[in-house]
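The lines below spell out each chain.
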Amino acid sequence: MDELRIAFERNPPPDLSVTFGSTRGPNSIFLSPFYLLGFIGRMIYLRIGGRLDLLHLNLASYGSTWRKLILARVASFLGIRYIIHLHGALYRDFWQKAPKLIQREIRYLFSNAAHVIVLGTVWRDFIADCVPEARDRIEILPNATRRSSLPHRTGGETVVILFLGRVSERKGAPQLMDALNRLQSLSAWRAVIAGDGDLATARARIRELSLEGRVQLPGWVGPGEVESLIAEADILVLPSFDENLPMSVIEGMAAGLAIVSTPVGAVEDIITDDQTGLLVPPGDVAALADALRRLIENPVLRQQLGTAAAEFQRQHLDIDVYAQTLAKLWRQSVS
């Protein structure tokens, strides 16, 4: 959403006034109700002033859903159309395990939306199965990013493997460390596993595998440092068990990195095996190690995959194209 805001500031749509707001806020979860009440108050104020025609609701599991259920009801009461934009990687499990009353409310949320935006075909099919009456209003709009402002420097003679994401079992961090352990006989590589999560366990595992000299674990890094890490990397790896459509893969593609990922969520919509990256089965340490080994030992393959990934990103996953498509959907929703 920050990238989208910048894109609209750079090229503002002449016929749209776009306002961004938070329903949770950046602080403690206990302050979330106050942000939500403030957002509702702002909705009412703008609607009374004739300056609110459409609400765009970004949706994930749990607290995000509770807030959006309330906002959808308020929007309906005020006669405001709304769009649902589904992001949650585990939303299928969340919906299916929710109490029956909440399931009915979630179905209401989707069935009454002017459009439902999903990030890939697997999510389109999921929503179409759960809410058949919304089938004709489901739109696929993959995540997008801008091109990096930093030149791609790579790691030189040492191949740099980069992981960006929460250091957790869901993201496949334990399997990645085990795969890296299988590569210790190769000399010309190092890895950076960047993100928050269970860092104490990860550091202990790295020590146990004697990978301290090969693997860095910097913890959470901000956007500027993420950009620097991507610019210095050769391979972006994300061996997740569950995803919607991971931004780290798209950012790696934008920088021309060779991608190694698992075919989960909507990843297969953007990564074609052996064309724009390498796909390995979730949890398969041997396959993950083999894919990384191929790329470490074959600079031509790294270059081919990285070039193809960058070209795909520029054609399909660029933030300016994304902004134009989204603006078109907004117009359709209020016409």
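Located above this text is the structure these notes cover.
Figured I'd write up the structure that's included with this text.

What counts and what doesn't
- Residues numbered from 1 in each chain as written.
- Predicted model: local features only at pLDDT ≥ 70, side-chain atom pairs only at ≥ 80, totals over all residues.
- Heavy atoms only, no water.
- Helix = DSSP H or I, 4+ residues; strand = E, 2+ residues; numbered from the N terminus.
- Rg over C-alpha atoms; globule rule 2.2 N^0.38 Å.
- Buried < 20%, exposed > 50% of the residue type's maximum accessible area, 1.4 Å probe, protein only.
- Contact = heavy atoms within 4.5 Å.
- Areas by Shrake-Rupley, 256 points an atom, 1.4 Å probe, with all protein chains shown as cover.
- Lys, Arg positive; Asp, Glu negative; His and termini not counted.
- Charge placed at Lys NZ, Arg CZ, Asp CG, Glu CD.
- Pairing = 2+ DSSP bridges.
- Axes fitted to C-alpha atoms, helices over the stretch in contact; angles between N-to-C directions.
- Arc of directions from axis to C-beta.
- Parallel < 35°, antiparallel > 145°, perpendicular 65-115°, else oblique.
- Left-handed = near helix turned anticlockwise from the far one by under 90°.
- Salt bridge = Lys/Arg side-chain N within 4 Å of Asp/Glu carboxyl O.

**Things to note about the overall build of the protein**
For the protein, the helix and strand inventory stands at 14 helices and ten strands. In summary, the protein has a C-alpha radius of gyration of 21 Å against a globular reference of 20 Å for 335 residues, a match within 12%. Along the first, second and third principal axes, the C-alpha atoms of the protein reach 65 × 40 × 35 Å. A burial count over the protein gives 49% of its 335 residues as buried. Long-range contacts, defined as pairs at least 24 residues apart, comprise 70% of the intrachain contacts of the protein with a sequence gap of at least 6. Carbon and sulfur atoms form 52% of the exposed surface of the protein, whose accessible area is close to 15,800 Å². Here the protein holds 36 positive side-chain charges and 36 negative ones, and the gap between their average locations is 6 Å.

**What to know about the sheet that holds strand 7 (residues 215-219)**
One open sheet accounts for six strands, arranged 7-6-5-8-9-10; its pairing is parallel. Where the open sheet ends on each side, the last strands, each with one partner, are strand 7 and strand 10 (278-279). Here strand 5 (residues 159-164) runs beside strand 6 (residues 189-194); their pairing, made up of six bridges, is parallel. Counted as the bridge partner of Ile-161 is Ala-191 from strand 6. Where helix 10 (residues 247-254) meets the sheet, its contacts fall on strand 5, strand 8 (235-238) and strand 9 (258-261), and the angle it forms with strand 8 comes to roughly 165 degrees.

**Quick word on helix 1 (residues 2-10)**
For helix 1, the complete set of buried residues consists of Leu-4, Ala-7 and Phe-8. Buried residues of helix 1, seen end-on, are gathered within an arc of 95 degrees and therefore sit on one face of the element. Across from the buried face of helix 1, at angles greater than 90 degrees, the exposed residues are Asp-2 and Glu-9. Summarising the contacts, the buried residues of helix 1 are in contact with helix 14 (319-334).

**Comments concerning the side chain of Ser-261**
With respect to the helices, strands and loops of the structure, Ser-261 is situated in strand 9. Given a relative accessible area of 1%, Ser-261 falls into the buried group. For Ser-261, the contacting residues outside a window of four places in its chain are Leu-238, Val-249, Val-267, Leu-278, Leu-279 and Val-280.

**Concerning the packing of helix 2 (residues 32-48) against helix 3 (residues 63-78)**
Contact geometry of helix 2 with helix 3 gives a least axis separation of 11 Å together with a crossing angle of 20 degrees. Classified by the angle between their axes, helix 2 and helix 3 sit roughly parallel to one another. Two packed elements cross with a definite hand, and for helix 2 against helix 3 that hand is right-handed. Residue-level inspection shows Ser-32, Leu-36, Phe-39, Ile-40, Met-43, Ile-44 and Arg-47 of helix 2 in contact with helix 3, the latter providing Arg-67, Ile-70, Leu-71, Val-74, Ala-75 and Leu-78.

**Brief notes about the pattern of salt bridges**
Taken as a whole and assessed by the stated rule, the structure comprises 13 salt bridges. A salt bridge links Asp-2 to Arg-5, with the shortest nitrogen-to-oxygen separation between them at 2.8 Å. Of this pair, Asp-2 and Arg-5 are both found in helix 1, three residues apart, which corresponds to roughly one turn of the helix. Residue classification places Arg-5 among the partly exposed residues on the basis of a relative accessible area of 30%. Ionic pairing is found between Glu-227 and Arg-146, a salt bridge with its closest N-O pair at 3.4 Å. Of this pair, Glu-227 sits in helix 9 (residues 223-231) while Arg-146 sits in the loop between strand 4 (138-140) and strand 5, and the two are 81 residues apart along the sequence. A residue is classified by how much of its surface remains accessible, and Glu-227, at 16% relative accessible area, is buried.

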